[in-house]
Amino acid sequence: MIKCDTPKEIGGMGHSMKRKEDDRFIQGKGNYVDDIKLPGMLYMDIVRSPYAYAKIKKINTDAAMAIDGVVAVVDGKALEQYNLHWMPTLMSDTQMVLPTDTVMYQAQEVCAVIATSRYAARDGKEAVIVEYEPMKPLMDPYKALNDDAPLLRPDKEGKTDNHIWNWKAGDKEKTDKVFEEADVTVKEQMHIPRIHVASIETCGCVADYDKVNNHLTMYMTTQAPHAIRTVIALVAGHVGLTEEKIRVISPDIGGGFGGKVPVYPGYVIAIAVSFLVGKPVKWIEDRSENLQADSFARDYHITAEMAATKEGKILATRFKILADHGYTDASANPSKFPTGLYSIGTGSYDYGASYMEADAVYTNKPPGGVAYRCSFRVTEAVHAIERITDRLALEIGKDPAQLRMENFIKKEDFPWKSPTGWEYDSGDYHAGLQKAMDAVGYDELRKEQAEKRAKGELMGIGISTFTEIVGAGPSKDFDILGIKMFDSAEIRVHPTGKAIARFGTKSQGQGHETTYAQIIAQELGIPMEHIQVEEGDTDTAPYGLGTYASRSTPTAGAAAAVAARKLRDKAKKIAAYLLEVSEEDLEWEPGKFFVKGAPEKSKTIQELVFAAYTNHPQGMEAGFETTHYYDPPNLTFPSGAYICVVDIDKETGQIDVRRFVAIDDCGNIINPMIVQGQVHGGLTQGIAPAMYESLIYDDDGNILNGTFMDYLVPTAVESPSWETGHTVTPSPHHPIGAKGVGESPTVGAPPAIANAIVDAMSHLGVTHMEIPITPFKVWKTLKEKGAI
């Protein structure tokens, strides 16, 4: 149940307040990086490789340099003079900024054209002539592991193969024994395909180096400004750009979804050129560059197995993964977790044995491995466990809802330790699924399905009951490049009782300016309209690790609550001083302290803040501001129960998602309207990989759908009418009991849709289909099964 214990004029937690930031967005007043125009600014465009694997024989820039407005062409050899031709990735691998001799994937940066206008830069780019010696690329991750496969990374000293790392979790011996003795085992091979975040705004930057003051201001599309500043200092510190001389400003961002966490070569080239010429340099990707070259998501090949009794008691799971990271491991994962948090893949079920093993490999595809709107590979894990659970239900002839109900972790068993070591904080999985079943009319739908099957019609019902893991993370385990994954909030309340709050995170559309203000309003009783929230400027905001993986509310939101409580404690001391009573004689209600038994004797928070500047107790530090760095004691574990209903046209394979019910449990809810928006957007990005999106390459490494003409991003037209609801089990360790919600729908939707489509054809012998499940795949399967 959603609670509101502040009046609407204060607007604390639980109120559906309209987003403060929307006033500027709906009037076209947002300030994005491409809106930044500086005096004397130069423009950069990038020449990219048409080949997936080739030697560079020669780069001829004569024609480009002859174009009016072109001032320079920068290649890898030029950057090599300053040791800026390589950069570290977030996973401590290395990546070319510009190649000196070999290109490793199609659309890789080859050289950059600098000009006085964007048009001249583009003309210059078209005029550069590069001579290549093409080689046969490695596109199949399994073949990349063969002994006779060419070595793709000879730059890495001592490297003799294309294997990157091996990762394991769980108890192999115990799990294997359970499998040997189990009544029933099921197994499926799955591929979670390579997809792209496809945010509306592409990546870009304006690098502005001030030679006189030896200071760089970097305006850029980044979800993690502080971490990026540190990376820039690591790359460019040897040329004098140390961290205190770097300011990163991340203005409004038009969608990130994990794709704006990494450092891209374009950023580094722009900085290098600005550093050398002393002028600002702007680089903005076009749509195809963004889609073809920026970090991908997913691309996991998974063998999933489940062992159970013949009655359906789940006993163990086993997962084997091959991760295709492309040319370099540029994943955006915490350092100790090369597969992200895949080990949450034991799911919402109570059993004691699981083993997971993953290997990563280099291929000639673009690098990456970002957490596209999921908490570090949780989407891949949830798809595997929810698909194999349905496979077990089919194998033993049990209703998939009943199977789940019989195997859920019980509400009273939390905190619960998973076989892979996580301590789930809270949940009520039975209540969530029951609410979803009641909302969709599950029993009636099963009767309808039976009637339709008798008539030869295809209707499917798919369930996904998932556990997310968000809020990275506790410093004992979570870091990126050694920087612990805490986050921060600074609150400064002015003498008139109006506040400004700054955070180490960075919104890309999540509504932070509203939700953070509501948290502070809840704790201090200052109306949220009087709380200004700022993010994205490393010179003003406290250090933080940014916004991705649903971590902002669990970390920075918690920091805001704790910081506000520090200030409330100070206000209490001032109230005791002004009212001439002891602190123990005071009670708090949102917005004021009053004397116990004498409510007419009170001081509002505004009066107390004013006193902090004008009449505070002697010996007390003046002012009313504080900063808190929040190190979470554990992650939070949101959950959900989704049910999808599909109808399939046998003649065409066309899939109609007739209904989709999503019941989410994200703990205590700050703003129901914003949560609703998050869920709707996440579900739409969940239907995308299930039915539409996949980056496709041919054997020569050519991307076959590198534009929005053929990479199918779903719109409102393709989206069904989402039916949403909530259960609420607060996180017991989070200051406001919140868990995070931004990514749960993207995680939970794909298996619900896939399970529904497979369910529609299960009576024909279909046990699994690879996503995206397109009408052609359905039609082909029906033909193979003799159904048409």
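Residues numbered from 1 in each chain as written. Predicted model: local features only at pLDDT ≥ 70, side-chain atom pairs only at ≥ 80, totals over all residues. Heavy atoms only, no water.

Q: I'd like a rundown of helix α13 (residues 512-524), residues and numbers included.
A: Counted at 1.5 Å a residue, the expected span for α13 with its 13 residues is 18 Å, and the 18 Å between its end C-alpha atoms agrees. For α13, the tally of buried residues reaches 13 of 13 residues, placing the bulk of the element in the interior. After α13 finishes, the residue Gly-525 shows a positive phi value of roughly 75°. (Helix = DSSP H or I, 4+ residues; strand = E, 2+ residues; numbered from the N terminus. Expected span 1.5 Å × (residues − 1). Buried < 20%, exposed > 50% of the residue type's maximum accessible area, 1.4 Å probe, protein only.)

Q: Which residues make up the packing of helix α14 (residues 552-579) against helix α15 (residues 605-614), and what are the values?
A: Two elements in contact, α14 and α15, have axes whose closest approach is 9 Å; the angle formed by their N-to-C orientations is 90°. When the interaxial angle is binned, α14 and α15 end up roughly perpendicular. Together, Ala-571, Ile-574, Ala-575 and Leu-578 of α14 and Ile-605, Leu-608, Ala-611 and Ala-612 of α15 make up the contact between the two elements. Of the residues contributing to the contact of α14 with α15, the split by class is eight nonpolar, no polar and no charged. (Axes fitted to C-alpha atoms, helices over the stretch in contact; angles between N-to-C directions. Parallel < 35°, antiparallel > 145°, perpendicular 65-115°, else oblique. Contact = heavy atoms within 4.5 Å. Nonpolar A, V, L, I, M, F, W, Y, C, P; charged D, E, K, R; others polar.)

Q: Requested: an account of the pattern of salt bridges, with residues and values cited.
A: Enumeration according to the criterion identifies 53 salt bridges in this entry. Residue Arg-118 is joined to Asp-34 by a salt bridge in which the shortest nitrogen-to-oxygen separation is 3.6 Å. One end of the pair, Arg-118, is in helix α4 (residues 118-127); the other, Asp-34, is in the loop between α1 (22-26) and β1 (42-48), and 84 residues separate them in sequence. One salt bridge in this structure joins Arg-551 and Asp-487, with 2.6 Å as the shortest N-O distance. Taken together, the residues span a long stretch of sequence, with Arg-551 in the loop between β25 (531-535) and α14 and Asp-487 in strand β23 (residues 487-493) at a distance of 64 residues. (Salt bridge = Lys/Arg side-chain N within 4 Å of Asp/Glu carboxyl O.)

Q: I'd like to hear about the sheet that holds strand β14 (residues 281-284), residue by residue, with values.
A: Strand order in the open sheet formed by seven strands is β3-β7-β1-β14-β11-β12-β13, with mixed pairing between adjacent strands. Taken across any chain shown, the strands that pair with only one partner, and hence form the sheet edges, are β3 (70-75) and β13 (246-249). Within this sheet the neighbouring strands show an average axis-to-axis angle of 20°, counted without direction. The strands touched by α4 within the sheet are β1, β3, β7 (109-115) and β14, with β1 carrying the most contacts at an inclination of about 25°. Where helix α7 (residues 265-277) meets the sheet, it contacts β1, β3, β7, β11 (204-210), β12 (215-220) and β14, and its direction lies at approximately 25° from that of β11. (Pairing = 2+ DSSP bridges.)

Q: Describe the packing of aromatic side chains, and please don't skip the residues or the numbers.
A: In total, this model carries 25 aromatic pairs according to the counting rule given. An angle of 80° between the planes, with centres 6.0 Å apart, marks the rings of Phe-319 and Tyr-342 as edge-to-face. Pair noted here: Phe-319 is in strand β16 (residues 314-324) and Tyr-342 is in the loop between β16 and β17 (353-361), with a separation of 23 residues, a long-range link. Classification of Phe-319 by relative accessible area gives buried; the value is 2%. Of the residues examined, Tyr-342 reaches a relative accessible area of 0% and is grouped as buried. Here the aromatic residues Tyr-349, Phe-408, Phe-414 and Tyr-429 are joined through ring pairs into a cluster of three or more. A cation over a ring is seen here: Arg-318 above Phe-179, with NZ or CZ 3.9 Å from the ring centre. (Phe/Tyr/Trp six-rings, centres within 6.5 Å; stacked < 30°, edge-to-face > 60°. Lys NZ or Arg CZ within 6 Å of the ring centre and 35° of its normal.)

Q: Help me get a handle on the side chain of Thr-230, residues and values and all.
A: With respect to the helices, strands and loops of the structure, Thr-230 is situated in helix α6 (residues 225-236). On the basis of relative accessible area, Thr-230 is assigned to the buried category, the value being 13%.

Q: With reference to specific residues and values, describe a nonpolar patch on the surface.
A: On the surface, a nonpolar cluster with roughly 240 Å² of combined accessible area is contributed by Tyr-82, Leu-276 and Val-277. Tracing the sequence through the fold places Val-277 in helix α7. Look at Val-277 and you get partly exposed, because its relative accessible area is 42%. (Patch = residues over 30% accessible without salt bridge, like charges linked within 9 Å, V, L, I, M, F, W, Y side chains within 5 Å. Areas by Shrake-Rupley, 256 points an atom, 1.4 Å probe, with all protein chains shown as cover.)

Q: I'd like a description of the sheet that holds strand β27 (residues 592-595), backed by residues and values.
A: Within the open sheet, the three strands sit side by side as β26-β27-β28. Their pairing is antiparallel. Taken across any chain shown, the strands that pair with only one partner, and hence form the sheet edges, are β26 (586-589) and β28 (598-604). If you compare each strand with its neighbour and ignore which way they point, the axes differ by 35° on average. Relative to β27, β26 is paired through four bridges, and the arrangement is antiparallel. Along β27, the bridge assignment pairs Leu-586 with Val-595. Along the sheet, α14 contacts β26, β27 and β28; its crossing angle with β27, the most-contacted strand, is approximately 40°. Lying over the sheet, α15 contacts β27 and β28, oriented at roughly 50° with respect to β28.

Q: Can you explain the pairing of strand β10 (residues 184-192)? Please cite residues and give values.
A: Alternating positions in β10 separate cleanly, Val-184, Val-186, Glu-188, Met-190 and Ile-192 being buried on one face and Thr-185, Lys-187, Gln-189 and His-191 remaining unburied on the opposite face. Where β10 meets strand β15 (residues 300-308), nine bridges bridge the pair, whose relative direction is antiparallel. Looking across to β15, one finds that Ile-192 is bridged to Tyr-300.

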